[in-house]
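Take a look at the letters that make up each chain.
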Amino acid sequence: MIPPGLERELADVVGARFVLTRPGELLAYTADGLPGYRHDPALVVLPGTREEAIAVVQLLARRKVAFVPRGAGTGLSGGALADGTVVLGLNRLRRILEIDVENQWAVVEPGVVNAHLSRAVAPHGLHYAPDPSSQSACTIGGNVAENAGGPHCLKYGVTVNHVLALTVVLADGTVVTLGSTTGEVAGYDLLGAFVGSEGCFGVVLDATVRLTANPTAVRTMLADFPTIDSAARATSAIIAAGLVPAALEMMDQPTIRAVEASIYAAGYPVDAAAVLLIELDGAAAGLDEEVARVAGACREAGAREVRVATSEADRQRLWQGRKKAFGAMGRVSSHLVVQDAVIPRTRLPDVLAEIGRIGREEGVTVCNVFHAGDGNLHPNIPYNGNDPAETQRVERAMVRIMEACIAAGGSVTGEHGIGVDKLPYMPRLFTEATLGAMCRLRDCFDPERRMNPGKVVPMRSCREWAMAPAARG
Amino acid sequence: MMTRAERGARIIESGGGPAVHHAPSTERELIDLLQGAGPHVTFRIRGAGTWASVTERIRADATLDLSRLSGITEYVPGDLTLTARAGTTLADIAEATRANGQWLPLDPWGAPTGTLGATLATASTGPLAATLGLPRDAALGLSLVDAAGVRTTAGGRVVKNVAGFDLVRLQVGACGTLGILTEATVRLRPLPAVDRSCAIPLPAAQSDLTALLVSLRQIPLSPLAMEALNPALAACAGLPPAQMLLVRVGGSHPAVAQAVEALARHPHTTEIPSSAWPVLSASEPADAMSVRYSVRPSQWPSLWITVCAASDASARVHGTPSRGVVRVVGPAETQHRVQQAVAPLGAVEIAEPAGRGVTGVPALAELGRRVRDAFDPQRRLNPGVMDDGRS
Ligand SMILES: Cc1cc2nc3c(=O)[nH]c(=O)nc-3n(C[C@H](O)[C@H](O)[C@@H](O)COP(=O)(O)OP(=O)(O)OC[C@H]3O[C@@H](n4cnc5c(N)ncnc54)[C@H](O)[C@@H]3O)c2cc1C
Ligand SMILES: Cc1cc2nc3c(=O)[nH]c(=O)nc-3n(C[C@H](O)[C@H](O)[C@H](O)COP(=O)(O)OP(=O)(O)OC[C@H]3O[C@@H](n4cnc5c(N)ncnc54)[C@H](O)[C@@H]3O)c2cc1C
């Protein structure tokens, strides 16, 4: 599928060591964090500098070769997979270029690992707010492409709220800066449109991201519930009461048990049907009153116990269990499908009940660990992917869960993206005209459709749109 | 060389308004109207028409008045989301949400009778944007009718959503040139339990100004808004005609009390009623011609001092230190003088509204043109607006 001689030409740019073609070398690039998809790239190219990255994209443009940008490959929608085309790995570009403490921003290369940035700015009392649970591995480039979220995005906003500017190279090799460090730019909000474009609009070469001052005071609470329903009702009540926690996470019993059986054991009550991990932060004055209001809402909904972390170590331990929950679940079985959907927050009790029912009917174990405060569900299912019958049941359960979320007025993804996995749902959420508008936007950035082809918008929609320009009026 | 404001003014020459005026009361009517009109008929889009200096000057064959397409269509207080038709006024939304202890913290300059559709379409911001976010952050979902009269949507009704490419952010701030907003779902916030404001006189020397801003960062509670006013604007807010910094803090009773106490330690600080804020916004002159400048926040004191020195006493100047923004409302001569004074600072300059599309970067101009071509190839909607003057 790739033109002859490309491998050698790429090697001239990045060095032969950084062009991978042997099946053994390519293996690591055939999947991302979501099981069930395997796409074999023709080759992987790993530029070591920004100039090399630009030269690679320009070479691919001259040779008209399709390619897929890739960061750490932790994505959960199959977004970084390349089928017979080129993978452009950005993880060697991992320098922090500038830290501006006064203006509270940093300029980073796309391969910088999310947690490394927070660590680097910690001495200044700052951090990078978007904190996906994969933050010890995922890259800022991948975060920008997915508009990643995390537990603290409830109060602090998702990736797009923290990106001031991006320098990107478009598929045709043009380098352009979107946004600006001053926040104001002329013209359309192309920066806003770019964030979350899943590697289809351009390759991020550097990102200027906002840094957030560490809060003066923090209180972390663990509330223990006898039923999922009571935890869901507590969540709805906290949000409806106008309290704005920094984070509000839910874990159900299968998740709690997986965590407690792992090296990340956090002291969660294994007999609880669900726990809420709630963090409040801000000015010290008045914070304890807010803690009391949240605790009151939990108790009123039926919480058996609400405890506040007594020390920073205690707090870290409570968070560790949550952040490593996917990993802990992954150890329970050979495969784990991590899912993502969003519902209105008042619908949490009934949709969670529906998910429980679907799990029972399909004979699968659904582990819920999610950003409850945003209504952002992660109904995950551990299973044995080598058992075709079980795999089929898991797939059926997932489809039914997505249908339930759509029916509740929700969305099929809050932070993991469409990739290839959620493509079938797009026509359920959007009309052909809207999908056509998305295709037209993509065509502004990449008219040849060479970047991450076949992702995000079903091919059919784009093709129909391209075939019928008259319909545009 | 022409200033951007002048280039903008040339693009949108003031003409007599178009004779044809349509005021559809349903989305269907709007669609029929667009589909029924010939492909070369152009439209200027109008909400409540409060920002007359913009809407009145757009030269087009017909006016599309969205003010009758109004009303809140869904409001679930427990979800902190609200859906309303584009012609709904910000005042109506404020009233409906206040009853539930919530608000939509969009406070654009101008009258509260401005519409939701126009505020999102123009991405208009006010002092609250510094902490509570921009219009693009408030918008969760949109319904639109495009230039060909085809209905599309963007986003959804939930507070977190990455399904598909982000048409919401593309449309917010596009000034109606990529589609007519007919309905929007927005994210609400809980109203702060206590909301208090103080006015602090601004020192004249740059080093003192910088020191004041640094010391204000130490307030334990981050303010809801912090806006600097020149003497002309301070007078509009009922304050002594001097350079003032208005600081608004909101939150729980103890936290706000402590913050106000910290503010009061600055000499000559006075507490002012929070009702000063809407008075200030509404004082915007109807024929306002405005230019916004922005720099890195650390450069803000020098931008502020430069702009204030270059503008005459009647011009209104205000600025948001944390966003690095200073906005000047005044006649062309003032704008010209300010522009020359500011040039050495390398500020980003945005002349409202026509100059918004004018960028000096060819690659960006090219992307902007492609976007416009993709959504409104005939330039039927708000012709002239957002263009760079060449297409
Ligand atoms: C005197 C004055 C000066 C202002 N100056 C500024 C400024 O410099 N910068 C700024 O950002 N804001 C400014 N504003 C903000 C303005 O208040 C808000 O954008 C909005 O609330 C105006 O509402 P409206 O319905 O009266 O808008 P209109 O005056 O009716 O329209 C304003 C603009 O929005 C477009 N528009 C209206 N409705 C729609 C729709 N449904 N779909 C698509 N496009 C639509 C119009 O074509 C027009 O370009 C100003 C307001 C006033 C009154
Ligand atoms: C255990 C676990 C927990 C997770 N928790 C969360 C969570 O809490 N919140 C959350 O949002 N996500 C979460 N994720 C998903 C994933 O980590 C995020 O989507 C992350 O942003 C992906 O980053 P990456 O570097 O691994 O990107 P990849 O998986 O390599 O790529 C993802 C997408 O980004 C594109 N891309 C990558 N780099 C660039 C670039 N430089 N320029 C342009 N496009 C690029 C790719 O083409 C692809 O479409 C989790 C994943 C795992 C495995």
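Residues numbered from 1 in each chain as written. Chains lettered and ligands numbered in written order. Predicted model: local features only at pLDDT ≥ 70, side-chain atom pairs only at ≥ 80, totals over all residues. Heavy atoms only, no water.

Draft legend 1. Broad picture of the overall build of chain B. A tally of helices and strands in chain B yields 15 helices and 18 strands. By the compact-globule yardstick of 21 Å for 391 residues, chain B fits well, its C-alpha radius of gyration being 21 Å. Once the C-alpha set of chain B is aligned to its principal axes, its extents read approximately 65 × 55 × 35 Å. Counting only residues that meet the buried cut, chain B has 60% of its 391 residues in that class. Considering only contacts in chain B between residues 6 or more positions apart, those separated by 24 or more positions represent 70%. (Helix = DSSP H or I, 4+ residues; strand = E, 2+ residues; numbered from the N terminus. Rg over C-alpha atoms; globule rule 2.2 N^0.38 Å. Buried < 20%, exposed > 50% of the residue type's maximum accessible area, 1.4 Å probe, protein only. Contact = heavy atoms within 4.5 Å.)

Draft legend 2. Highlighting the interface of chain A and chain B. With 81 residues of chain A at the contact, the number on the chain B side is 63 residues. Carbon and sulfur atoms make up 61% of the surface buried where chain A meets chain B, a total of about 5700 Å² over both sides. Of all residues in chain A, Glu184, Tyr188 and Cys444 of chain A bury the most surface against chain B, accounting for 15% of the area lost on that side. Across the chain A-chain B interface, the total number found is five salt bridges. A salt bridge links Arg136 of chain B to Asp189 of chain A, with the shortest nitrogen-to-oxygen separation between them at 3.2 Å. Across the chain A-chain B interface, the total number found is 15 residue pairs in polar contact (both at pLDDT 80 or more). (Buried area = accessible area lost by both parts, 1.4 Å probe. Salt bridge = Lys/Arg side-chain N within 4 Å of Asp/Glu carboxyl O. Polar contact = N/O pair within 3.5 Å; in protein donor to acceptor, adjacent residues only side chain to side chain.)

Draft legend 3. Inspection of the domain arrangement of chain A at higher detail. Residue and element names in this part refer to chain A. Along its sequence, chain A is organised into domain 1 (6-89), domain 2 (96-213) and domain 3 (215-318). Put simply, the middle of domain 1 and the middle of domain 2, counted by C-alpha atoms, are 22 Å apart. With 13 residues of domain 1 at the interface, the matching set in domain 2 holds 17 residues. Summed over both sides, the interface between domain 1 and domain 2 buries roughly 1100 Å², with carbon and sulfur atoms accounting for 66% of that surface. One can count one salt bridge joining domain 1 with domain 2. Its salt-bridge partner being Arg50, residue Asp206 comes within 2.7 Å of it at the nearest N-O pair. (Domains from an automatic or database assignment.)

Draft legend 4. Representation of the site of ligand 1 in the model. Residue and element names in this part refer to chain B. Taken together, 32 residues are adjacent to ligand 1, and Ile45, Gly47, Ala48, Thr50 and Thr115 come closest. Between ligand 1 and Thr50, the relevant distance is 2.5 Å, taken from an oxygen atom to a side-chain nitrogen or oxygen of the residue. In the model, an oxygen atom of ligand 1 is placed 2.9 Å from a nitrogen or oxygen of the Trp109 main chain. In the complex, 98% of the free accessible area of ligand 1, which totals 970 Å², lies under the protein chains. Looking at the shell around ligand 1, the elements that each hand over two or more residues are strand S2 (43-46), helix H3 (52-55), helix H5 (116-121) and strand S9 (180-187). Looking at which element gives the most residues to the shell around ligand 1, the answer is H5, with three residues. Here the shell around ligand 1 is composed, by residue class, of 14 nonpolar, 13 polar and five charged. When residues of the shell around ligand 1 are assigned to domains, at least three fall in each of domain 1 (1-191 + 361-391) and domain 2 (194-352). (Near = heavy atom within 4 Å. Areas by Shrake-Rupley, 256 points an atom, 1.4 Å probe, with all protein chains shown as cover. Nonpolar A, V, L, I, M, F, W, Y, C, P; charged D, E, K, R; others polar.)

Draft legend 5. View of the side chain of Ser133 of chain A. All names here are of chain A. For Ser133, the location among the structural elements is in the loop between strand S7 (126-127) and helix H5 (140-146). A residue is classified by how much of its surface remains accessible, and Ser133, at 19% relative accessible area, is buried. Among the polar contacts made by the side chain of Ser133, one reaches the side chain of Arg322 at a distance of 3.4 Å. Excluding residues that lie within four positions of it along the chain, Ser133 makes contacts with Arg322 and Lys323.

Draft legend 6. The arrangement of the pattern of salt bridges in detail. By the definition in use, this model includes 46 salt bridges over all chains. Of the charged contacts, one joins Asp195 of chain B and Arg248 of chain B as a salt bridge, the two residues approaching to 2.8 Å between their closest N and O atoms. Here Asp195 of chain B, found in strand S11 (residues 194-201), pairs with Arg248 of chain B, found in strand S13 (residues 244-251); they are 53 residues apart in sequence, far enough to count as distant. Overall, the relative accessible area of 26% leaves Asp195 of chain B in the partly exposed class. For Arg248 of chain B, a relative accessible area of 10% puts it in the buried group. Each of Glu361, Glu362, Arg396 and Arg400 of chain A takes part in a single network of salt bridges with overlapping partners.

Draft legend 7. Region of the structure containing the pairing of S13 of chain B. Residues and elements named next belong to chain B. Judged by how many residues are buried, S13 sits mostly within the fold: eight of eight residues are covered. In the sheet, S11 pairs with S13 via eight bridges, with the strands oriented antiparallel. Pairing of Ile200 across the sheet is with Leu245, part of S13. (Pairing = 2+ DSSP bridges.)

Draft legend 8. Representation of the site of ligand 2 within the structure. Residues and elements named next belong to chain A. By nearness alone, 34 residues border ligand 2, and Pro69, Gly71, Thr74, Ser134 and Thr139 come closest of all. Within the contact set of ligand 2, an oxygen atom lies 2.6 Å away from a side-chain nitrogen or oxygen of Thr139. Between Val204 and ligand 2, the recorded distance is 2.9 Å, taken from a backbone N or O atom to a nitrogen atom. Of all the secondary structure elements, the ones that give two or more residues to the shell around ligand 2 are strand S3 (67-70), H5 and strand S10 (203-210). With five residues, H5 is the largest single contributor of residues to the shell around ligand 2. In terms of residue class, the shell around ligand 2 is built from 13 nonpolar, 17 polar and four charged. Residue contributions to the shell around ligand 2 reach at least three from each of two domains, namely domain 1 (6-89) and domain 2 (96-213).

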